[in-house]
Amino acid sequence: MKSYISENFKNHLIQLRRHFHMNPELSWKEVETAGFISKYLIEREFKVENNFVSTSVAGYKSYGEGPCVVLRADMDALPIQEKTGASYSSKNDNVMHACGHDGHMAMLLGVADILARKDLGLRGSVLLVFQPAEEGGAGGQKVVESGILEKYKAKEAYSIHLYSGVETGTLICPSGEFLASADEFEIIISGKGSHGAQPHLGDDPIVAASNIVLALQSVVSRNTDPLESSVVTVGQFKAGDAHNIIPELAVLSGTFRAFNESTRDMILKRVRELTENIGRAYRVKTLFKLFASYPPTVNHTENSEYFRNAALRTDGIKKVVSDKKLAVAEDFSFYLQKYPGAMSFLGSGNKDKAASHPHHSPYFDIDEDALTLGVGMFLNLLKERLGG
């Protein structure tokens, strides 16, 4: 793809990415972002769809008979105040592209630009999907359920996520289990309040909640196969307003993650059981709530191999990793539950460019050299899958 990716094109990608970075929008509010993308695609003679899920945009281009390959990018930003000090910092208070979605959109628009200008000899069709609300809103699930992929007879789906955790030029794309599920929970413990000097007159929800926190630590250590990776974390514990009063309520919230559905189901069952039984033991009421959930991201074996092959043919890709799992979650998992395909993580880390901070950090940034690598990978993938 070197002949397609000139210095001018690289600069164009950077400007696209910086435009999105300076104008971030939160989940389900990506109105201006969607308008910019739609206009860009229309100018390049893609058939554009805007009416299937909220702010979603899809661009379709056909090259005759053959399968339809879906390439997906996410659009939403996070409720974070940017602290990078970059000249292209977010213009919107407490909204920031702190996970690389600005780069994802730029890469996919870069693919659209080249498809509009160059003849790759493809046979089939390409559907570019720009999806809202990946950050906890399960926008991917809504897109899949909308029927837009079925409308264009999608056969395979792929996505690239930029990743500051490894250096630019490294690709992570395993076959099978890749990213964890993400389930969020809240446990409300209702007791009977009393004075701290008279605990026998109450039913202490703090003591019950504390025992639930400790018991949840046994779910992974004593209920899962030691060779299976999983985690249960309580991230919030809220109770009481005074040092000498036993409150009526305590609230716990947290997350659990696993790489396959059987482990995920077992964890949910044990968290519920421990919560209910400890509540009974301490004479308090418990209410368990399960919130937005993403299934594990499991790459299809053959399709992940296509992705790795495309990477090996891309100038600038130095290393391809096929045996690494990450405990983060992604709603591209919903696409892969229905369609053959794969997700890859493309390194965008570079300490010399202040691009090594973790995702969701107010200091997060990417090495923009990764953008051309992502475009090159997508184009090589299209050529392999559509016979170019």
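Residues numbered from 1 in each chain as written. Predicted model: local features only at pLDDT ≥ 70, side-chain atom pairs only at ≥ 80, totals over all residues. Heavy atoms only, no water.

Colleague: Could you give an account of unusual backbone geometry, naming the residues involved and the relevant values?
Modeller: The phi dihedral of Ser54 falls on the positive side, at around 45°, and the residue is not glycine. If you trace the backbone, Ser54 turns up in the loop between strand 1 (47-49) and strand 2 (57-62). Residue class for Ser54 comes out partly exposed when judged on its relative accessible area of 45%. A positive phi angle, close to 55°, is found at Ala133, a residue other than glycine. Mapped onto the fold, Ala133 is located in the loop between strand 4 (125-131) and helix 4 (139-146). Judged by relative accessible area, Ala133 falls into the buried class, the value being 0%. (Helix = DSSP H or I, 4+ residues; strand = E, 2+ residues; numbered from the N terminus. Buried < 20%, exposed > 50% of the residue type's maximum accessible area, 1.4 Å probe, protein only.)

Colleague: I'd love a proper account of the sheet that holds strand 2, names of residues and values included.
Modeller: Backbone-to-backbone hydrogen bonds join strands into a sheet, with any given pair of strands oriented parallel or antiparallel. Taken in spatial order, the 8 strands line up as 1-2-4-3-5-16-6-15 in an open sheet, and their pairing is mixed. Of all strands in the sheet, those bounded by a partner on one side alone are strand 1 and strand 15 (319-321). Each strand axis lies, on average, 25° off the axis of its neighbour in the sheet, ignoring direction. Examined bridge by bridge, strand 6 (residues 170-172) and strand 16 (residues 341-349) share 2 bridges and lie antiparallel to one another. (Pairing = 2+ DSSP bridges. Axes fitted to C-alpha atoms, helices over the stretch in contact; angles between N-to-C directions.)

Colleague: Please provide a residue-by-residue account of the packing of aromatic side chains, values included.
Modeller: Taken as a whole and judged by the stated rule, the model has 10 aromatic pairs. Here Tyr294 and Phe334 contribute two aromatic rings whose centre-to-centre distance is 6.0 Å and whose plane-to-plane angle is 80°, an arrangement assigned as edge-to-face. Taken together, the residues span a long stretch of sequence, with Tyr294 in strand 13 (residues 285-294) and Phe334 in helix 9 (residues 333-338) at a distance of 40 residues. For the pair formed by Tyr294 and Phe334, the shared burial category is buried. One aromatic cluster is present, built from ring pairs that chain together Tyr158, Phe307 and Phe378. (Phe/Tyr/Trp six-rings, centres within 6.5 Å; stacked < 30°, edge-to-face > 60°.)

Colleague: I'd love a proper account of the packing of helix 1 (residues 7-22) against helix 2 (residues 31-43), names of residues and values included.
Modeller: Direction vectors running N to C along helix 1 and helix 2 enclose 155°, while the axes themselves pass 11 Å from each other. The angle between helix 1 and helix 2 places the two elements in the roughly antiparallel class. Facing His12, Leu16, His19 and Phe20 of helix 1, the residues of helix 2 in contact are Thr33, Phe36, Ile37 and Tyr40. By residue class, the composition of the contact of helix 1 with helix 2 is 5 nonpolar, 3 polar and no charged. (Parallel < 35°, antiparallel > 145°, perpendicular 65-115°, else oblique. Contact = heavy atoms within 4.5 Å. Nonpolar A, V, L, I, M, F, W, Y, C, P; charged D, E, K, R; others polar.)

Colleague: I'd like a rundown of the packing of helix 2 against helix 3 (residues 101-117), residues and numbers included.
Modeller: Put simply, helix 2 and helix 3 touch, their axes get as near as 10 Å, and they point 15° apart. Taken as axis vectors, helix 2 and helix 3 run roughly parallel relative to one another. When the axes of helix 2 and helix 3 are compared, the crossing they make is right-handed. Note on element contacts: helix 3 touches helix 2 through Met105, Leu109, Ala112 and Asp113, opposite Thr33, Phe36, Ile37, Tyr40 and Leu41. When the residues that make up the contact of helix 2 with helix 3 are grouped by side-chain class, the tally is 7 nonpolar, 1 polar and 1 charged. (Left-handed = near helix turned anticlockwise from the far one by under 90°.)

Colleague: Explain the state of the cysteines to me, using residue names and the numbers behind them.
Modeller: What is meant by a disulfide is a covalent connection between two cysteines, made through their sulfur atoms. Within this structure, the stated rule accounts for 0 disulfides. Between Cys68, a cysteine without a disulfide, and Cys173, which holds the nearest cysteine sulfur, the sulfur-to-sulfur distance is 20 Å. For Cys173, which is in no disulfide, the shortest distance to another cysteine sulfur is to Cys99 and amounts to 18 Å. (Disulfide = S-S within 2.5 Å.)

Colleague: Report on the pattern of salt bridges, specifying residues and quantitative values.
Modeller: Oppositely charged side chains may form a pair once their charged atoms are brought near each other. Applying the stated criterion to the full structure yields 24 salt bridges. Between Lys10 and Asp369 there is a salt bridge, with the nearest N and O atoms lying 2.8 Å from each other. Separated by 359 residues along the polypeptide, Lys10 in helix 1 and Asp369 in the loop between strand 16 and helix 10 (370-385) bring together distant segments of the chain. On the accessibility criterion, Asp369 (26% relative accessible area) is partly exposed. Among the salt bridges present, the one from Arg270 reaches Glu273, with a minimum N-O distance of 2.7 Å. Here Arg270 and its partner Glu273 are both found in helix 7 (residues 261-281), 3 residues apart, which amounts to about one turn of the helix. What makes Glu273 partly exposed here is its relative accessible area of 25%. Through salt bridges with shared partners, a single ionic network connects Arg17, Arg18, Asp102, Asp365 and Glu368. (Salt bridge = Lys/Arg side-chain N within 4 Å of Asp/Glu carboxyl O.)

Colleague: Give a detailed account of the environment of Lys155, specifying residues and quantitative values.
Modeller: Take Lys155: it is sitting in strand 5 (residues 154-167). Considered as a pair, Lys155 and Val69 are 86 residues apart in the sequence and their alpha carbons are 6.0 Å apart.

That is the geometry; function is a separate question.
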